[in-house]
Amino acid sequence: GGELSRWSSPADARSAGVSTIYQHVPLVPTLSVVENVFLGAGGFRRIPIDAHRQLNELCERIGYQIDFDAVVGGLPIGVRQMVSILQALVYGADLVLMDEPTASLDEQEREIVFDVVTRLSAQGTTFVYVSHFLEEVLELCTDVTVLRDGRVVLDSTTEGLTPVDLIESMTERRRQPASEAADTRQGSVSAAPLLEVRGVSTTSGVTDFDLNVAAGEVVGLAGLLGSGRSELIGAILGSDRRLAGEVLVNGEPVGKGPAQAVRSGINVIPEDRWHQGLVALMPIWKNTTLPSLREHAFGGCITRPAREVDVAFGAIDALGIVCSGPEASVTELSGGNAQKVLFGRCVVSKPKVLLLDEPTAGVDAAAKADILELVRTMARAGTAVVMVSSEFEELLQVADRIGVIREKSLVAMHDPDDLSVERLLALVDPGIAEAEAA
């Protein structure tokens, strides 16, 4: 409001009418939704007496319903992100800082966020909106600032700008958006399946799941948030306990559990890279060689740090990871470079099967293009790839086949040449197709 402000803590900023929605959701996993939303409310009680009423009114206002008493640690990452949004909005802030608020949301939940921003901004709330989804920026924002290497390279109104304009500013070189990019899919797919999933059912609700993926093939899995996309990845990896069925790699059964899957040549890049993929307390070199320590150790048991550092140097150079060196902490990296460390881990361990769960979530346009090219490169080297993505344009760009996921089941398999983004969205959500027909 024109007044110089200096705050000693985030609580002071919140008291002054500033709320922040963080990219990496800072919620307490052992507390319920309502306890997290009102965390830090102060007073004698942990949550206000009328907390449920306040939260219910907010949910009705933004058009999103959730179980207030559900434990946050058991919720999918997209739902946890919505909890953090409720947490920021419940106090009626005048200024809301949003850092990648839709990175983990499906299309329907993104629309809810758009509606909230549009409605509240019309009522006088100011938003600072950080996003790698360039169409979102141009749709929602009146002004845009592009940063490159910590410096402002573009400061303009959004009127007349296109995603290509923003990409050129971000990267210093012309990159085509996914919808205009040349098809990178290849035709060198082996006829015999490398990965076979036969009748797998798990404790997470996956039932009678079948899937075959050949060497050199990328199979995309498309579904809305809550459809069971991540659960199907967990069923293959063995992170969800199998009640029935089997998984085979090169015709050999894979034992139950992630450790057995890794020994059989299966690697995974999980949806939540900070909690399920990277070890924040370890430097880049340790994160890079973590799944393949035996290969870099004397006798398979005595580690050789110098050898591991050399391996990490190679991964940093090959993948273009921007960092101060292999000794740097992964927490110092941007989202795109942190994701490249996970891919570097896979390149080093040379998996037969690679499972990707939202591999480009929360990364910028340049890193996204690099990651998608890396996916195709690994496929060309003979890896069988299974890729889950909320970005249907990405699946159409890189996948050789696309499976439709609904209610934790694979219900159909399609050739990408027969699909468009709109057609794929209608397939994963029949309600959209019915509404359009009506």
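This text follows the structure it describes.
These notes cover the structure that comes with them.

What counts, and where the lines are drawn
- Counting restarts for each chain: residues are numbered from 1 in the order of the written sequence.
- Thresholds applied to this predicted model are a pLDDT of at least 70 for local features of residues and 80 or more for the giving and counting of side-chain atom pairs; totals over whole chains, interfaces and linings are not thresholded and use all residues.
- In computing side-chain properties, one takes all heavy atoms of the structure into account and sets aside hydrogens as well as water.
- DSSP calls a pair of strands paired once it identifies at least 2 bridges connecting them.
- In this description a helix means any DSSP run of H or I spanning at least four residues, a strand means any run of E spanning at least two, and both kinds are numbered starting from the N terminus.
- In this analysis an axis means a line fitted to C-alpha atoms, helices contributing only their contacting stretch, and an angle means the value between N-to-C directions, from 0 to 180 degrees.
- Burial classes: relative accessible area under 20% of the type maximum marks a residue as buried, over 50% as exposed, and values in between as partly exposed (1.4 Å probe, protein chains only).
- By the criterion applied in these results, polar contacts are pairs of N or O atoms within 3.5 Å in which, for protein atoms, one can donate a hydrogen and the other can accept it, and in which residues neighboring in sequence qualify only through two side-chain atoms.
- Contacts are residue-level and defined by heavy atoms, with any inter-residue pair within 4.5 Å sufficient.

## A few points about the sheet that holds strand β2 (residues 95-99)
Part 1 of the reasoning: Pairing in this open sheet of three strands is parallel, and the strands run β1-β2-β3 from one edge to the other. Here the strands that pair on one side only, and so sit at the sheet edges, are β1 (18-21) and β3 (126-130). Neighbour to neighbour, the strand axes of the sheet diverge by 10° on average, direction disregarded.
Part 2 of the reasoning: In this structure, β2 lies alongside β3, joined through five bridges in parallel fashion.

## Details of the pairing of strand β16 (residues 401-406)
Part 1 of the reasoning: Direction of pairing for strand β8 (residues 218-222) relative to β16: parallel, over a ladder of four bridges. Bridge pairing in β16 links G220 to I402.
Part 2 of the reasoning: Where β16 lies against strand β17 (residues 409-414), five bridges are found, and the strand directions are antiparallel. Of the residues in β17, the one forming a bridge with I402 is H414.

## Focus on the side chain of E196
Part 1 of the reasoning: Among the structural elements, E196 can be located in strand β6 (residues 193-202).
Part 2 of the reasoning: Given the relative accessible area of 12%, E196 is considered buried.
Part 3 of the reasoning: Among the polar contacts listed, one links the side chain of E196 to the side chain of R198, at a separation of 2.7 Å.
Part 4 of the reasoning: The residues contacting E196, other than those within four sequence positions of it, are L211, N212, E246, V247, L248 and G251.

## A short note on the environment of R304
Part 1 of the reasoning: Following the sequence through the fold, R304 ends up in the loop between β13 (302-303) and α12 (305-319).
Part 2 of the reasoning: Each C-alpha atom, one on R304 and one on L333, is 25 Å from the other, the two residues being 29 residues apart in sequence.
Part 3 of the reasoning: Excluding residues that lie within four positions of it along the chain, R304 makes contacts with H296, A297 and F298.

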